[in-house]
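Coordinate analysis (summary)
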Amino acid sequence: MNNLMIEVPEMEAKRIFEVEKIRADFPILQREVNGKPLVYLDNAATTQKPQTVIDNMIHYYTFENANIHRGLHFLSELATESYEKARLKVKEHINAMSVAEIIFVRGATEAINLIATSFCRGGFYKAGDEIIVTQMEHHANIVPWQILSQKKDIKLRVIPINEKGEIIFEEFEKLISDKTKLVSVVHTSNALGTINPVYDIVRVAHKHNIPVLLDGAQAIVHNKIDVQKLDCDFYVFSGHKLYGPTGIGVLYGKAHILNSMPPYQGGGDMIRTVCFEGSTFDDLPHKFEAGTPNIVGGIGLGAAIDYLNQFDFEDISRHEKELLNYATQKLQEIPGLKIIGTAENKASVLSFTIKDIHPYDIGTIIDTHGIAIRTGHHCTQPTMKYFNVPATARASFAIYNTKQEVDKLFAGLLKVKKMFG
Amino acid sequence: MTIFEKQEMIVKQFENCADWDDRYAKLIQMGRNLPPFPEELRIDKNKLDGCQSQVWLTASIKEGNVIFKADSDAAIVKGLIALLLEVYSNQPPEEILKIPPEFIKKIGIDNHLSPTRKNGLGAMLKQIQMFAFAFKAMLKK
């Protein structure tokens, strides 16, 4: 009999993407600012937190609080289990090979500092070595390397960008030499929204046996990240930009590289034996987690990942793309408004300037209407320099934003125009 | 007019403002009425550190009074500068040091003065007092 049984993998039913219901999950969105309903469009700086993240953190402190990894009492084991479960959730979410590759840190910034410090201490670099970054890096992916370079005399080489805010790929290839020790680039730019061709970057760098660090602080919330598919050597991000709490972030690193790196900080929880003559260190990931970690932060991040995973990431991406397209089209109707960063492949980040009006003035006026955007250089001064602006205004959209909110932004900006015109 | 009287006068001017838009519109207008800042003074030495907008400030002494000149590239900050200059410029240093900028609070725009706001305005107020302090010491000699 040719009665073939085809095994269909059990599909997890995903929650239907309904923005009004999603909004109801975020208590802060119900509040008013300056007498107006809050329109929160500063998501690239930090996202709001769903009730479940808040509840999980309160639950931890109410019922589970104890120090982890050391006690054998009931609460300590419970807390350890919760914290390590969060690590497992992160591992699954970004598809790392094992939990050993997931180091909890304070945020993306600390993750990069950890790598820079450990590389420096481990003697990975010698004078004249080079690290490749892009013109659109956040200061967090510039300054740690500069601090390192003061110690080791290494140089930063910068991949230039075009007027759309895209890297010029051919120039990247030209920068690679036998002096190149690391390619450290932003996955998605916080100031421009540009999504960089990270697959190609990794492929080309690996062709020359150069490891790649991806700064995923922005990218993590917009797209499903698969570190094995990306094949990057490091991926870093912050929990608070992923609907999780502040003060917790993730350094993903390939196990064999992390194993070869010396510890970042010394202290409790990262050792195997300590005596005054010397100490031996614990295995991954604990080797890099000295001291009592941000336990509740890890648990909150785990809850945020669970929250997001209710949805199909395709739905999230589609929603955000729609908002970006709608806002891009709408805002361009404002005379004198110029969008900074017009890459073909772009996340829901919209940076702009309005002729003869300082971003500070834009931000201040629309704040009185309850609209939160970011103004300034977004910790990307070299990017601002390239576009020859001191600062921009930036609206960035998340899972809970709506077209009506874009309309409010539009109306607010028209008001700004009127006041300063 | 003393610094105190000037402050009271400004507070009165803002009392009639119906809402934030009104208040800011007034502030912007005051900034526009500032005499133009001399271009030769627009140099890094006179620039105050501010994250969001640029602020330039200079001081000189004339007949025992401190004369401030200042400017910003943001209109609202320039309006705030106009307020500060209206109150503190052309006053004796000891008076400047004596009287805090209470009127800013009364107008309801003191959020701009918070040191965490990084708009250079908190820095400007500090600098105004530093100049006054320096001139006071100088006049004593």
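Remember, predicted model here, so these are calculated numbers, not experimental data.

Looking now at helix α5 (residues 143-152) of chain A. All names here are of chain A. Taken as a whole, α5 has its buried residues at P144, W145, L148 and S149. The buried residues of α5 occupy an angular sector of 135° when the element is viewed end-on, so they sit on one face. Elements that come into contact with the buried residues of α5 comprise α4 (108-121), β5 (130-134), β6 (155-159), β7 (180-186) and β8 (212-215). Two residues or fewer past α5, D153 is found with a positive phi of approximately 55°.

This part is about the interface of chain B and chain A. Taken residue by residue, the interface counts 17 residues in chain B and 15 residues in chain A. Roughly 1400 Å² is buried in total at the junction of chain B and chain A, and carbon and sulfur atoms are behind 57% of that figure. Considering only the surface of chain B that becomes buried against chain A, D21, Q52 and I76 of chain B emerge as the three largest contributors, covering 38% of it. Between the two partners, chain B and chain A, sit 1 salt bridge. For the pair chain B and chain A, the number of links is 6 residue pairs in polar contact (both at pLDDT 80 or more). Contributions of two or more residues to the side of chain B that touches chain A are made by α2 (20-32) and α3 (75-88) of chain B.

Another aspect to go through is the side chain of D21 of chain B. Along the polypeptide, D21 of chain B turns up in helix α2. Looking at D21 of chain B, the relative accessible area reads 14%, which means it is buried. Once residues lying within four places of it in the same chain are set aside, the contact partners of D21 of chain B are T368, H369, K415 and M419 of chain A.

Our next topic: the nonpolar core. Residues and elements named next belong to chain A. I94, F172, V183, Y235, Y243, I399 and Y400 are the most contacted members of the largest nonpolar core, which has 75 residues in total. Sort the elements by how many residues they give to this core and helix α11 (residues 295-308) lands first, with 9 residues. Taken domain by domain, this core gets at least three of its residues from each of domain 1 (19-44 + 312-419) and domain 2 (61-308). Ignoring anything within four residues of it in the chain, the contact list for F172 reads I132, I159, V183, I201 and V204.

On to the domain arrangement of chain A, then. All names here are of chain A. According to the domain assignment, chain A consists of domain 1 (19-44 + 312-419) and domain 2 (61-308). The centre of domain 1, based on its C-alpha atoms, is set 28 Å off from the matching centre of domain 2. Between domain 1 and domain 2, the contact holds 34 residues from the first and 30 residues from the second. Summed over both sides, the interface of domain 1 with domain 2 buries roughly 2700 Å², with 55% coming from carbon and sulfur. Of all residues in domain 1, the largest losses of buried area upon contact with domain 2 belong to F313, C379 and Y386, amounting jointly to 22% of the total for that side. Between domain 1 and domain 2 we count 1 salt bridge in total. Between E344 and K164 there is a salt bridge, with the nearest N and O atoms lying 2.7 Å from each other. Inspection of the domain 1/domain 2 interface yields 23 residue pairs in polar contact (both at pLDDT 80 or more). Mapped by element, the contributors of at least two residues to the side of domain 1 that touches domain 2 are α12 (313-331), β14 (349-354) and α14 (381-387).

The rules we used
Residues numbered from 1 in each chain as written. Chains lettered and ligands numbered in written order. Predicted model: local features only at pLDDT ≥ 70, side-chain atom pairs only at ≥ 80, totals over all residues. Heavy atoms only, no water. Buried < 20%, exposed > 50% of the residue type's maximum accessible area, 1.4 Å probe, protein only. Helix = DSSP H or I, 4+ residues; strand = E, 2+ residues; numbered from the N terminus. Arc of directions from axis to C-beta. Contact = heavy atoms within 4.5 Å. Buried area = accessible area lost by both parts, 1.4 Å probe. Salt bridge = Lys/Arg side-chain N within 4 Å of Asp/Glu carboxyl O. Polar contact = N/O pair within 3.5 Å; in protein donor to acceptor, adjacent residues only side chain to side chain. Core = buried A, V, L, I, M, F, W, Y, C linked by side-chain atoms within 4.5 Å. Domains from an automatic or database assignment.

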